[in-house]
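# Results of the structural survey
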Amino acid sequence: MRIGVPKEIKNNENRVGMTPSGVAELVKRGHNVTVQHTAGEGSGFSDEDYISAGAVIAPTIEETYATADMIVKVKEPIESEYPLVRKGQLVFTYFHFASDLELTKAMIASKGVCLAYETVQTKDGALPLLIPMSEVAGRMATINGAYFLQKTKGGKGKLICGVPGVKPVKVLVLGGGIVGQAAARVAAGMGANVVIADISLPRLRELSLSMPANVDTLYSSAHNIRKELPDTDIVIGSVLVPGDKAPHLITRDMLKLMEPGSVLVDVAIDQGGCFETSHPTTHSNPVYEVDGIIHYCVANIPGAVPNTSTFALTNATLKYVIALADKGWQKACEEDAALKAGLNIVEGEVVYKAVADLLK
């Protein structure tokens, strides 16, 4: 199969769809891999690294798409890429269609085959291609929340760990999945007092047994969240409904319960955000203020640490890329229910129910 790895062109997105080692595995199996010129530079990989792995370097994104049966990338195509997707061409990436009607319409019109990392799901409900980026995003959510809590960044001027004689900050984590667990563990390691909320009692039991002593668990409800907000310094929103929009767990009227300079970090922004006042931001302009509360809503948080993120992503995606390349997408999806669950749009038809229902 001919596989294309284009350069990511979303704002400050420095990850790349595949490491040179991943390319080498595909070439070893007889596949042809084309990598766009400088696609890996932001992640620390040179064109020479890819050439050594057996790839061909294409000078432009247009040529990278034109020569490929399958495109492997990180983020959803943006508007300038829409015309590059061909009928029957497989695009394997994060799409998050539920929060982007225009992207959905464009991919329907392209008649391409859109296989989304975020909805590949195993029998036990795990999301193997979200896990590595969720682990990165959760850790970064706490780090960024602590950073923007500084007075010079618009926050209330508190140090997350406190000092002897001065209490540490309180961090409320909404959602006890991979992101929430990673965020809570880093916050606890930094010395904060942490509350992690979820609607799953079995999950809360697991967290209560595995988390450090400075992490408390809480059943998530609007009432309980309201009670926590007055003395909370950082809220990390990490709820996920696979393929669907995130629910709004904090509404605008709830912001008045918080002290000015508190920080909201919305890791669910790719799926529409879990705060009513959230809208996507970028690494170059990451925060804004609503009613005195700082909002951090960057839609590609792991893009800030692209070397770590690209290695982690390729570690997870490579076995699926190999299956798709070796067998073709139809046979690969027939044989692997997890991969089949990743199909969102197939040659003009929306085939993922949550996206179809949400976008009508």
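Structure first, text after, so check above.
To keep things clear, this report deals only with the structure shown in the data block. No experiment lies behind these values; they were computed from the predicted model shown.

### Let's talk about the overall build of the protein chain
Each helix and strand in the protein chain was counted, giving twelve helices and 15 strands. Relative to the globule expectation of 21 Å for 360 residues, the C-alpha radius of gyration of the protein chain, 21 Å, shows essentially globular dimensions. Counting only C-alpha atoms and orienting by the principal axes, one finds that the protein chain spans roughly 65 × 40 × 35 Å. Of the contacts formed within the protein chain by residues at least 6 apart in sequence, a portion of 64% connects residues at least 24 apart. For the protein chain, the exposed area adds up to about 14900 Å²; of that, 54% sits on carbon and sulfur atoms.

### A few points about the packing of aromatic side chains
For the structure shown, the criterion picks out seven aromatic pairs. Taken together, Phe45, Tyr50 and Phe311 form an aromatic cluster joined through their ring pairs.

### Some points on the state of the cysteines
Every disulfide links exactly two cysteines, by a covalent bond between their sulfur atoms. Tallied over the entire structure, the rule returns zero disulfides. Residue Cys297 stays outside any disulfide, its sulfur separated by 8.8 Å from that of Cys274, the closest cysteine.

### What about helix H9 (residues 306–327)?
Helix length check: H9 (22 residues) gives 30 Å between terminal C-alpha atoms against 32 Å at 1.5 Å per residue, within 8%. Where H9 bends most, the angle comes to about 45°, and this point is Thr317.

### Some points on the nonpolar core
Ranked by size, the top nonpolar core spans 73 residues in total, and within it Phe92, Leu115, Val171, Ile236, Leu324 and Leu339 carry the most contacts. In contact with Ile236, other than residues within four places in its own chain, are Ala141, Thr142, Val171, Leu172, Val173, Leu174, Ala183, Val265, Val267 and Phe275. Counting 25 residues, the second largest nonpolar core, distinct from the first, contains Val195, Leu255, Met258 and Ile269.

Cut-off values and rules
- Residues numbered from 1 in each chain as written.
- Predicted model: local features only at pLDDT ≥ 70, side-chain atom pairs only at ≥ 80, totals over all residues.
- Heavy atoms only, no water.
- Helix = DSSP H or I, 4+ residues; strand = E, 2+ residues; numbered from the N terminus.
- Rg over C-alpha atoms; globule rule 2.2 N^0.38 Å.
- Contact = heavy atoms within 4.5 Å.
- Areas by Shrake-Rupley, 256 points an atom, 1.4 Å probe, with all protein chains shown as cover.
- Phe/Tyr/Trp six-rings, centres within 6.5 Å; stacked < 30°, edge-to-face > 60°.
- Disulfide = S-S within 2.5 Å.
- Expected span 1.5 Å × (residues − 1).
- Bend = angle between axes of the 7 residues up to and from the residue.
- Core = buried A, V, L, I, M, F, W, Y, C linked by side-chain atoms within 4.5 Å.
- Buried < 20%, exposed > 50% of the residue type's maximum accessible area, 1.4 Å probe, protein only.

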